[in-house]
Amino acid sequence: MSGFRLQTKENRDSTLVSNIFLDYYMPTANGSYVKVYLYLLRCLGSCDMKLSIPFLADRLENTESDILRAFHYWEKVGLLELSKDSSGEIVNICLCNPEPLTASPTTSHSLPKSSTKRTDSTNNTIPPSQSTVNSNITPSSRNSAASYCKNYSPEQLDKLTQDKSLQNLLKVIESYMERPLKPGDIQLVVFLCQDLHFSDELVMYLFEYCISRGKHHCNYIEKVAIQWKEEGITTVEQAEQASNRYNRDFNAVSKAFGLGRMPAAMEQKFIQRWIREFAFDTPILVEACNRTILQIKKPDFNYADKILEKWHKSGVHTLSDINALDNTYKQSKQNRSNTPQTNNKFNSYPQRNYSAKDYSDLEKRLVEKNFHKD
């Protein structure tokens, strides 16, 4: 049988993706990062397309921070080269050829993962025993990352920071901070990677999240990191969901109380308690705020906290549970109002039953009394 030729009348407008990228780089990358990289590949075929971070964010339905984070990730793993001007703006992006990694695509490889241990320049893994860090200490028992991370000796830090992946991560953090990193900053990044086992992507998002809120201090960033660790947050997606939840609840409570601002630090502690300890959803928080305003005519977090604590002890999970509690209370109040009241000052004494003879004797005594008076 003779062979045949395959042809098409279709316009070959397609994007070529390297199998090396699909086998080695894509499996461990964040989904939004992959989306950004693939769209950059697609844009290579359109020379007249003008790209910008706002354009990519709008096109891919991401935030501009998501786009920047993706750029930094692909730069860190060697698939992008970013050129910036004197003001730090990206002026050129060069896509590099994907190179096969040392490990097979079916095993864990050298791309950053939360469980990957850092290695020194000689590719010898630094075991925990060489560090003064006590891995049995839980995050909640630490006072601050700055003081805790000082347990790393200069020699240990020197070995750890020779890792190219960590060096790239520190460069990204430096660009977020918009200043050279201080020793405390480096200690914190090492603490996040070595002790909390955060992935590089989660560390980048942590710094971006805190800095976007005007919080540059290591102690604040460390507290947020420990909070995420205790809540079991291990991915950027989980961190985004948690931050979105807090922002949504903060805004909802602020609107219900008519504050016209974000809740203050002490007020946020109340809301965090309602979310974490009581595990209440936004509608329940809003209902408690509404009842507070109706009852005492002003916003009061203490009063709302008492309402929510009572609901929590009563096993409330939904608004229908609150309605059931209200109905039970109304029924109980109605039953009490229908019950005859016997214990008051008018009828608390024992009552006598008078017979006809009693009334006759009483009448006889009254007549005699009046006769003698006359």
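Position labels on residues start from 1 in each chain and follow its written sequence. Reporting of local features is limited, given that this is a predicted model, to residues whose pLDDT is at least 70; pairs of side-chain atoms are given and counted only at 80 or more, and all residues count toward the totals for whole chains, interfaces and linings. Values shown for side chains rest on all heavy atoms present in the structure; no hydrogens or waters enter the calculation.

Caption draft 1: Molecular detail of the packing of aromatic side chains. Each Phe, Tyr or Trp ring (for Trp, its six-membered ring) is paired with any other whose centre lies within 6.5 Å, and the angle between the two planes then decides the class: stacked below 30 degrees, edge-to-face above 60, tilted in between. What the rule picks out here adds up to 13 aromatic pairs. An aromatic cluster is built from Phe-21, Tyr-33, Tyr-37, Tyr-73 and Trp-74, whose rings are joined through pairwise contacts. By the criterion adopted, a ring carries a charge over it if an Arg CZ or a Lys NZ lies within 6 Å of its centre and within 35 degrees of its normal. When the ring centre of Tyr-220 is taken as reference, the NZ or CZ atom of Lys-215 above it lies at 5.4 Å.

Caption draft 2: Broad picture of the pattern of salt bridges. By definition here, a salt bridge exists when the distance from a side-chain nitrogen of Lys or Arg to a carboxyl oxygen of Asp or Glu is within 4 Å. In this structure the tally under the stated criterion is 14 salt bridges. Arg-69 is the salt-bridge partner of Asp-66, the closest N and O atoms lying 2.5 Å from each other. Separated by 3 residues within a single helix, Asp-66 and Arg-69 lie in helix α4 (residues 64-76), roughly one turn from each other. As far as burial versus exposure is concerned, Asp-66 and Arg-69 are alike and both buried. Residue Arg-179 pairs with Asp-185 through a salt bridge whose shortest N-O separation is 2.8 Å. Each residue gets one of three labels from its accessible area relative to the maximum for its type: buried under 20%, exposed over 50%, partly exposed in between, using a 1.4 Å probe on protein chains only. A relative accessible area of 24% means that Arg-179 is categorised as partly exposed. Runs of H or I in DSSP of at least four residues are treated as helices and runs of E of at least two as strands, each being numbered from the N terminus.

Caption draft 3: Examining the environment of Trp-311 more closely. Checked against the element boundaries, Trp-311 lands in helix α14 (residues 301-313). Here the alpha-carbon distance between Trp-311 and Asp-321, two residues 10 residues apart in the chain, equals 8.9 Å. The contact partners of Trp-311, leaving out residues within four places of it in the chain, are Phe-280, Ile-284, Glu-287, Ala-288, Arg-291, Val-316, Ile-322 and Leu-325. Contacts are residue-level and defined by heavy atoms, with any inter-residue pair within 4.5 Å sufficient.

Caption draft 4: Highlighting the pairing of strand β2 (residues 90-95). At least two DSSP bridges between two strands are needed for those strands to be called paired. Across 5 bridges, strand β1 (residues 80-84) lies against β2 in antiparallel orientation. Among the inter-strand pairings, Glu-81 is bridged to a residue of β2, identified as Cys-94. Between β1 and β2, which pair antiparallel in sequence order, lie 5 residues; one of them, Gly-88, sits at a positive phi of approximately 90°.

Caption draft 5: Up close: the nonpolar core. The nonpolar core is taken to be a set of buried Ala, Val, Leu, Ile, Met, Phe, Trp, Tyr and Cys residues, with the residues joined through side-chain atoms within 4.5 Å. Within the largest apolar cluster, 60 residues are counted, with the highest numbers of intra-cluster contacts made by Trp-74, Ile-173, Leu-192, Phe-198, Leu-206, Phe-207 and Trp-228. Here this core takes 9 residues from helix α9 (residues 200-212), the largest share from any one element.

Caption draft 6: Local environment of the packing of helix α3 (residues 53-60) against α4. To get an axis, fit a line to the C-alpha atoms, keeping to the stretch in contact for a helix; angles then go from 0 to 180 degrees between the N-to-C directions. For the pair α3 and α4, interaxial distance at closest approach is 8 Å and the crossing angle is 105°. Classified by the angle their axes make, α3 and α4 are roughly perpendicular. In this structure, α3 contributes Ile-53, Pro-54, Leu-56, Ala-57 and Leu-60 to the contact, and α4 contributes Glu-64, Ile-67, Leu-68 and Phe-71. Amino acids outside the nonpolar list (Ala, Val, Leu, Ile, Met, Phe, Trp, Tyr, Cys, Pro) and the charged list (Asp, Glu, Lys, Arg) are all regarded as polar, and Gly is one of them. The class makeup of the residues in the contact of α3 with α4 is 8 nonpolar, no polar and 1 charged. Every angle not falling under 35 degrees, over 145, or within 65 to 115 is termed oblique; those three ranges are roughly parallel, roughly antiparallel and roughly perpendicular.

Caption draft 7: Quick look at unusual backbone geometry. One non-glycine residue with positive phi stands out, namely Glu-178, at about 60°. Residue position: Glu-178 is located in the loop between α7 (164-177) and α8 (183-194). The exposure class assigned to Glu-178 is exposed, which follows from its relative accessible area of 72%. One non-glycine residue, Ala-279, adopts positive backbone phi at about 60°. Within the secondary structure, Ala-279 sits in the loop between α12 (265-276) and α13 (282-296).

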